[in-house]
Protein chains: 2
Amino acid sequence: MRKTRRACNVPDATIHRLPLYLEKLKLLQAIGVEDVSSRQLAESLDIKASQLRHDFHYFGGFSRPGRPYQVDILVPALEQIIGISQPQPTVILGAGHLGQALANYQNLELQGFPVVGIFDVNPKLIGLEIRGQPVRDMDELELLIRDKGVRIAILTVPAANAQAVTDRLVRAGIVGIFNFAPTDLKVPETVVVRNERLAVGIMSLSFRVKCIIEGGYERTDGLVAGE
Amino acid sequence: MRKTRRACNVPDATIHRLPLYLEKLKLLQAIGVEDVSSRQLAESLDIKASQLRHDFHYFGGFSRPGRPYQVDILVPALEQIIGISQPQPTVILGAGHLGQALANYQNLELQGFPVVGIFDVNPKLIGLEIRGQPVRDMDELELLIRDKGVRIAILTVPAANAQAVTDRLVRAGIVGIFNFAPTDLKVPETVVVRNERLAVGIMSLSFRVKCIIEGGYERTDGLVAGE
DNA sequence: AGGCCGCTGTTACGGGATTCACAACGAATC
DNA sequence: GATTCGTTGTGAATCCCGTAACAGCGGCCT
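Residues numbered from 1 in each chain as written. Chains lettered and ligands numbered in written order. Predicted model: local features only at pLDDT ≥ 70, side-chain atom pairs only at ≥ 80, totals over all residues. Heavy atoms only, no water.

**Observations concerning the overall build of chain A**
Here comes step 1: If you tally the helices and strands in chain A, you get 10 helices and nine strands.
Here comes step 2: Expressed as lengths along the three principal axes of its C-alpha atoms, the size of chain A is roughly 60 × 55 × 35 Å.
Here comes step 3: With 227 residues in all, chain A has 48% of them scored as buried.
Here comes step 4: With an accessible surface of roughly 11600 Å², chain A has 51% of that area assigned to carbon and sulfur atoms.
Here comes step 5: Charge centroids of chain A, computed over 26 positive and 25 negative side chains, lie 6 Å from each other. (Helix = DSSP H or I, 4+ residues; strand = E, 2+ residues; numbered from the N terminus. Buried < 20%, exposed > 50% of the residue type's maximum accessible area, 1.4 Å probe, protein only. Areas by Shrake-Rupley, 256 points an atom, 1.4 Å probe, with all protein chains shown as cover. Lys, Arg positive; Asp, Glu negative; His and termini not counted. Charge placed at Lys NZ, Arg CZ, Asp CG, Glu CD.)

**Points about the state of the cysteines**
Here comes step 1: For the structure on display, the rule yields two disulfides over all chains.
Here comes step 2: A disulfide bridge connects Cys211 of chain A with Cys8 of chain B, and the sulfur atoms are separated by 2.5 Å. Here the S-S torsion is close to -120 degrees, and the disulfide linking Cys211 of chain A with Cys8 of chain B is therefore left-handed. Taken together, the residues Cys211 of chain A in helix H10 (residues 198-214) and Cys8 of chain B in the loop between helix H1 (3-7) and helix H2 (12-30) connect one chain to another. (Disulfide = S-S within 2.5 Å.)

**As for the relation of the copies chain A and chain B**
Here comes step 1: Each copy superposes on the other: chain A lies on chain B with an RMSD of 0.2 Å after a rotation of 180 degrees and an axial shift of 0.1 Å. Considering both components of the superposition, the chain copies are consistent with a two-fold axis. Looking at the rotation axis and the C-alpha trace of chain A, the residue lying nearest is Ala101 of chain A, at 3.1 Å. (Least-squares fit on C-alpha atoms with pLDDT ≥ 70 in both.)

**Observations regarding the domain arrangement of chain A**
Much of the literature gives interface size as the accessible area that the parts lose upon coming together.
Here comes step 1: We note that the domain assignment places domain 1 (3-81) and domain 2 (90-199) within chain A.
Here comes step 2: Look at where the C-alpha atoms of domain 1 of chain A and domain 2 of chain A centre, and you get two points 30 Å apart. (Domains from an automatic or database assignment.)

**Observations concerning the packing of helix H5 (residues 71-82) of chain A against helix H10 (residues 198-214) of chain B**
Here comes step 1: With their axes 7 Å apart at the nearest point, H5 of chain A and H10 of chain B run at an angle of 65 degrees to one another. Judged by the inter-axis angle, H5 of chain A sits roughly perpendicular to H10 of chain B. Residues Gln80, Ile81 and Ile82 of chain A of H5 of chain A form the contact with H10 of chain B, whose participating residues are Met203, Ser206, Phe207 and Lys210 of chain B.
Here comes step 2: The class makeup of the residues in the contact of H5 of chain A with H10 of chain B is four nonpolar, two polar and one charged. (Axes fitted to C-alpha atoms, helices over the stretch in contact; angles between N-to-C directions. Parallel < 35°, antiparallel > 145°, perpendicular 65-115°, else oblique. Contact = heavy atoms within 4.5 Å. Nonpolar A, V, L, I, M, F, W, Y, C, P; charged D, E, K, R; others polar.)

**Structural notes on the protein's contact with DNA strand C**
Here comes step 1: Around DNA strand C lies a shell of 24 residues, among which Gln51 and His54 of chain A together with Ser38, His57 and Tyr69 of chain B are the nearest.
Here comes step 2: Of all DNA strand C atoms lying within 4 Å of any protein atom, the proportion belonging to sugar or phosphate reaches 67%.
Here comes step 3: Taking Ser38 of chain B, its side chain carries an N or O atom lying 2.6 Å from a phosphate oxygen of DNA strand C.
Here comes step 4: Between Tyr69 of chain B and DNA strand C, the recorded distance is 2.7 Å, taken from a side-chain N or O atom to a phosphate oxygen.
Here comes step 5: Listing elements by their share of the surface near DNA strand C, those giving two or more residues are helix H2 (12-30) and helix H4 (49-57) of chain A together with helix H4 (49-57) of chain B. (Near = heavy atom within 4 Å. Polar contact = N/O pair within 3.5 Å; in protein donor to acceptor, adjacent residues only side chain to side chain.)

As structure tokens, this is what we get:
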């Protein structure tokens, strides 16, 4: 029984789909749907049913064969896989515009990631209340991380400070860093970083836009008039 | 000479790296570096040199063989490929916390995406100044899009309104939508959507964190002590 | 001038992800 | 009860991306 070990070899592509599955399933759960077939679920997400089953297959049986998936089984199973059976407390580093926006983004808490601390170095920001929480001085960082058992940090500091803050987070025991700073972070192997770069996103969008405008729209069906 | 046509068949993975190349190259340019080899550039981005050359190969020669890449040639070439040789004006739909944060995020303008309009339906927000621009009433949407030639929109409205706003954007001639709402958008084939879902990002991070904590840390080198 | 070194462009290969195909199973219907 | 339909689990095949290898070119040093 080393399923946890095995689960870590799951490809990234599959991992990124798990939250989408969970989101849709919660929606179904909310409106009282009990059963859902792989085809139904997959079509609503614009993917192939076989891929969905393949994804689930990494983690073992969520259903007895011959019968559709049961929403009430799938939701907690996925939550357990993702690691949010219990809420995962998080801290935000950097109370600038983006940090404040994220602190206010109630969807995060709703999805199992309550923000338990917001930190900044700017004295003008310290003490400012955001959704009932004060922006804290960095002095309190280590203590709060330890007290609340925080393992995930959201980094919204300027790129110039990102590495220094990261080092401090790592020393404080943070295991996952959600990095919004436009810079690469160096961390030990025991820490995971996920970069979320807005500029990358909008630029790849721009490329596709240019393709559509310049080259006629892209066709996936191989058919186009006049050629 | 159908390079533009061909360029649209470039894999997504390559497209997502182009902004990273451009970013690093601009940094080099800023400090006066003239030449850069594929190895130098690749190493600083933690990828293989062969992959970088492979990526560039989709678009044709940026350099004469035998000599390293010239920063001053590469930067405008990439900008032209991405479609930001001239600034791409954008509009933001939804002036909530996230919309305001993005409007204040000067990096966007720096990277070639100036925000020329911020819109909301909330009368309390309309008129509010953000970085010198008022939040506008939706009435002005179509006119401004046409006047400024806007092709890219950033969507930060609540999920419930996202599709309605999208339909209106499409009718107004928007070609690319950067969607922060946690919902899928239906658009015609001539419009591109890029979903940026924070919840997905933090959940996949959470999964990796769980793996590290539960299963001992993942090893890519096949070596681990005491087993 | 000649040889050596470093660089890019390009092709070939290997591996991973997606898709397909089918076997095994349950339920409902006739 | 048999049969048909719909479902999942799973291994095979296909496709695509990442990597390696090498050919061709330019400059430099001797």
